[in-house]
Every structure is written in structure tokens, then in C-alpha cells.
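Observations on the model geometry
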Amino acid sequence: MPHPIMFSDDDPGLPELRAITLAFPEAFEKVSWGRPVFCAPKMFAMYGGNAKTETPGEMVAYPHSVLVKVDDSDRKALEQDRRFYFPAYMGPFGWLGLDFTAAKVDWDEVRELVDASFRLVAPKKLIKQLDER
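Chains are numbered independently. Their residues run from 1 in the order of the written sequence. pLDDT decides what is reported in this predicted model: residues at 70 or higher carry local features, side-chain atom pairs at 80 or more are listed and counted, and totals for whole chains, interfaces and linings draw on all residues regardless. The basis for the side-chain values is all heavy atoms of the structure; hydrogens and waters are excluded.

Some points on the pairing of strand β1 (residues 28-32)
For clarity, the cut-off: By the convention used here, strands pair only if DSSP detects at least 2 bridges between them. Only DSSP runs of H or I with at least four residues qualify as helices, and only runs of E with at least two residues qualify as strands; both kinds are numbered from the N terminus onward.
For β1 and strand β2 (residues 35-39), the ladder comprises five bridges, and the chain directions are antiparallel. Across the sheet, Lys-30 pairs through a bridge with Val-37, a residue of β2. Linking two consecutive strands that pair antiparallel, namely β1 and β2, is a turn of two residues; a positive phi of about 55° is found at Trp-33 within it.

Description of the pattern of salt bridges
We count it as follows: The working definition used for a salt bridge is a side-chain nitrogen of Lys or Arg within 4 Å of a carboxyl oxygen of Asp or Glu. The cut-offs for exposure are 20% and 50% of the maximum accessible area for each residue type, with area from a 1.4 Å probe on protein chains only; residues under the lower value are buried, those over the upper are exposed, and the others partly exposed.
What the rule picks out here adds up to ten salt bridges. With a closest N to O distance of 3.6 Å, Glu-79 and Arg-75 form a salt bridge. Pair noted here: Glu-79 and Arg-75 are both in helix α2 (residues 72-80), with a separation of four residues, about one helical turn. Glu-79 sits in the partly exposed class, given a relative accessible area of 39%. We note a salt bridge from Glu-109 to Arg-83, for which the minimum N-O separation is 2.7 Å. Taken as a pair, Glu-109 in helix α3 (residues 107-121) and Arg-83 in the loop between α2 and β5 (84-85) lie far apart in primary sequence, 26 residues in all.

Overview of the sheet that holds strand β3 (residues 43-52)
Applied cut-off: The contact rule is simple, with two residues in contact once any of their heavy atoms fall within 4.5 Å. Axes here mean lines fitted to C-alpha atoms, for a helix over just the part in contact, with angles spanning 0 to 180 degrees between N-to-C directions.
Read from one edge of the open sheet, six strands run β1-β2-β3-β4-β6-β5, paired in antiparallel fashion. In this open sheet, the two strands that pair with only one neighbour each are β1 and β5. Of the pairings in the sheet, the one linking β3 to strand β4 (residues 59-69) comprises seven bridges and is antiparallel in character. Residue Gly-49 lies in a different strand from β4, and its bridge partner there is Tyr-62. Sheet contacts for α3: β3, β4, β5 and β6 (95-99); angle to β4, the most-contacted strand, approximately 65°.

Considering the packing of helix α1 (residues 14-21) against α3
Stated precisely, the cut-off is as follows: By the definition adopted for this analysis, an angle is roughly parallel if under 35 degrees, roughly antiparallel if over 145, roughly perpendicular if from 65 to 115, and oblique otherwise. For any pair of crossing helices, the crossing counts as left-handed if the nearer helix is rotated counterclockwise from the farther one by less than a right angle, and right-handed if it is rotated clockwise. In this classification, the charged set is Asp, Glu, Lys and Arg, the nonpolar set is Ala, Val, Leu, Ile, Met, Phe, Trp, Tyr, Cys and Pro, and all remaining amino acids, among them Gly, are polar.
At a closest axis distance of 10 Å, the pairing of α1 and α3 adopts a crossing angle of 45°. With respect to each other, α1 and α3 are oriented oblique. The handedness of the crossing between α1 and α3 comes out as right-handed. Along the contact surface, α1 presents Glu-16, Leu-17, Ile-20 and Thr-21, while α3 presents Trp-107, Val-110, Arg-111 and Val-114. Of the residues contributing to the contact of α1 with α3, the split by class is five nonpolar, one polar and two charged.

Side note on the packing of aromatic side chains
Our working definition: Ring geometry is summarised as follows: Phe, Tyr and Trp rings, the Trp one being its six-membered ring, pair when their centres sit within 6.5 Å, and such pairs are stacked at plane angles under 30 degrees, edge-to-face over 60 and tilted between the two.
Taken as a whole and assessed by the stated rule, the structure comprises six aromatic pairs. Measuring from centroid to centroid gives 6.3 Å for Tyr-47 and Phe-100, while their planes differ by 45°, and the two rings are tilted. Of this pair, Tyr-47 sits in strand β3 while Phe-100 sits in the loop between β6 and α3, and the two are 53 residues apart along the sequence. Across this residue pair, the class does not change: Tyr-47 and Phe-100 are buried. Ring-pair connections join several aromatic residues into one group, and the members of that group are Phe-24, Phe-44 and Phe-118.

As C-alpha cells, this is what we get:
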């Protein structure tokens, strides 16, 4: 059974996130788990996520957020920021979510987070293309 679609094209932050992510070399968007996922060819960003609560089986939704892979050296500082959350399923694999509704969004910061995530998962040839721009 496929996941239901959990976004609208005019959701807060999605048009801005698309503009940022699709500017990366060979980046494309697909829908996975009912959400927009940005790949090149591996996933480097995702719009929307959930976090587990302390109650088993219970989740809290962060529908207007971005999930990015973060370097271990940055993780501790980002986890101290209340805008970030540990996403269910993907958190254990190095991902964090930035909630767009927690504060005014700094799109330069989002661009930097997406850039860092891209560099952690993209093939070397795409990183080289990015650096040559």
C-alpha cells in the first residue's frame, strides 16, 4: 500500500526549498514516503518529517521542515538548537530535521545545510561540478 501524499505544492517553505535543492548538479525531486525527496542520485534532502515521542508508537509531525544529513562534527551544536529535531527512522543514520515553523527561516542557513548534506552523499564528480561553479 503506497504512502498517502503528505504535502501540497504551496506548503510553507517548499517552493524555497525546491529552488535551493534543484540548483545542485543533477538534482531531481521524487515523492517517497508521501513527501518530496531531493536526490543526486542519493537522497540529500527531504521536505517534512516526524519524530518519535517517549510514548511507544506515538509520533509528532513536522510537516513544514527539511531533513538533511549532518556531519558528526556539527551534530552536537545543531541538536542544542530548539529548531532542530531528531527524525524518526532517519535520525540514527545521521539526519536531523529543521522545523520551518519554529522561528523565521534563514534561507542562507538552509542553503548551507543542504550544501553540506549534498556533499556528504553525492558522488565526487557532482561535488567537483558544484565546486567549479
